[in-house]
Amino acid sequence: MRDRFDTLYKDHVDLMYRYANRLCGEAEAAKDLVQETFLNAYRGFNRFRGDAQVSTWLYAIASRACLRMRRKRKGAPERELSLEEFIPSSEGEFHLQIPVEGLSPEEALQNKELRQALNAAIDKLPKKYKMVLVLRDMEDLSAKEVGTVMGLSERAVKSRLHRARLFVRRELSARGHAEGNHEPDHG
Amino acid sequence: MVKRAAPKPRRRPAATPHQHEAGRCLGILRELSDFIDDELPNDICLQIRRHLGDCPHCEEFVASLRQTVSLCRGNPAPALSANERALMREKILNAARSR
């Protein structure tokens, strides 16, 4: 059992920490979530039937643990995002107010201000939308795999993903970053 | 030699300011993630491309949504150090033994 756990841990701890960090937005909370995830995996190892990939199983454990931890903190209730709220109301809202033209995403993200704006936008998402965005657009899972992780149909995943992307787009569009404000920073 | 008249420039429909609450643009808005993920049937993609050609606002909107998705995909995440990995493993095994 211990050997199997060690292999599981060694092979997946970095993946789970990356996911946890993206969900929690800060290191200590991410470490707590990773510990809770692997503790639950340790206990449930014998019940894992191998229907899904091990990583998908771990993503599901981490996602449930994250929702439980959030409920314990008794934060504000989750709100639903409607499509209508993302329709721009003025000309300036159609494009991103951030310096990304002509840069690859990696080059653009060397800009600390842009990175912070992006992370703040993702962090503001209601949790159930954030999880879908992180799993699909950052962890690169397919919509079907995200559905398996979250217990949702593929259609529901796509609907949440679309709203999450529109939310982040609107946040980046509304931040009013000045043109030419993209001195690279490697910090 | 007969001089051929220069071809008339193709007329692009005038980009008249319009309300994006209007049905067509809202209909497009609903489909945009599937459009940029290339998950729509060809005929719907064609309709959307035509609409984007006629509507600079929607074209700009799609470009900004694509950029947003690219930024999310390229966003780096911090990694654990070897010490942190080892320390967490110990904590997990201790918790498994004690509970």
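Residues numbered from 1 in each chain as written. Chains lettered and ligands numbered in written order. Predicted model: local features only at pLDDT ≥ 70, side-chain atom pairs only at ≥ 80, totals over all residues. Heavy atoms only, no water.

Trainee: Quick question: what am I supposed to make of unusual backbone geometry here?
Mentor: The phi angle of most residues is negative, glycine excepted, and most peptide bonds adopt the trans form. Positive phi values are uncommon outside glycine, yet A:Asp140 reaches one of about 65 degrees. Assignment of secondary structure puts A:Asp140 in the loop between α6 (127-138) and α7 (143-150). With phi around 60 degrees, B:Asp38 is a residue other than glycine that occupies positive phi space. Note that B:Asp38 resides in the loop between α1 (23-36) and α2 (42-54). (Helix = DSSP H or I, 4+ residues; strand = E, 2+ residues; numbered from the N terminus.)

Trainee: Would you mind showing me how to read the packing of helix α1 (residues 2-24) of chain A against α6(A) here?
Mentor: A packed helix pair is summarised by two numbers, namely the angle formed by the two axes and the spacing between the axes. Residues and elements named next belong to chain A. Look at α1 against α6: their axes get within 10 Å of each other, and the N-to-C directions meet at 140 degrees. By the angle between their directions, the pair α1 and α6 is classed as oblique. Between α1 and α6 the crossing geometry is right-handed. The segment α1 lies against α6, with Tyr19, Arg22 and Leu23 engaging Lys127, Lys130, Met131, Val134, Leu135 and Met138. In terms of residue class, the contact of α1 with α6 is built from six nonpolar, no polar and three charged. (Axes fitted to C-alpha atoms, helices over the stretch in contact; angles between N-to-C directions. Parallel < 35°, antiparallel > 145°, perpendicular 65-115°, else oblique. Left-handed = near helix turned anticlockwise from the far one by under 90°. Contact = heavy atoms within 4.5 Å. Nonpolar A, V, L, I, M, F, W, Y, C, P; charged D, E, K, R; others polar.)

Trainee: In this structure, what is going on with the domain arrangement of chain A? I would like to understand it.
Mentor: Where interface size is given, it is often the accessible area lost as the parts come together that is meant. Residues and elements named next belong to chain A. Structurally, chain A comprises domain 1 (2-72) and domain 2 (91-174). Using C-alpha coordinates to define each centre, domain 1 is positioned 22 Å away from domain 2. At the junction of the two partners, domain 1 supplies 15 residues and domain 2 supplies twelve residues. A buried area of about 1200 Å², summed over both sides, lies between domain 1 and domain 2, and 66% of it is on carbon and sulfur atoms. Sorting the residues of domain 1 by area buried against domain 2 places Arg22, Leu23 and Tyr59 first, and these three jointly supply 42% of that buried surface. Summed over the shared surface of domain 1 and domain 2, the number is two salt bridges. Here glutamate 139 and arginine 18 are joined by a salt bridge, their closest N and O atoms 2.8 Å apart. Linking domain 1 with domain 2 are five residue pairs in polar contact (both at pLDDT 80 or more). Listed by contribution, the elements that provide at least two residues to the side of domain 1 that touches domain 2 are α1 and α3 (54-73). Tallying contributions element by element places α3 first for the side of domain 1 that touches domain 2, with seven residues. Per-class residue counts for the side of domain 1 that touches domain 2 are eight nonpolar, four polar and three charged. (Domains from an automatic or database assignment. Buried area = accessible area lost by both parts, 1.4 Å probe. Salt bridge = Lys/Arg side-chain N within 4 Å of Asp/Glu carboxyl O. Polar contact = N/O pair within 3.5 Å; in protein donor to acceptor, adjacent residues only side chain to side chain.)

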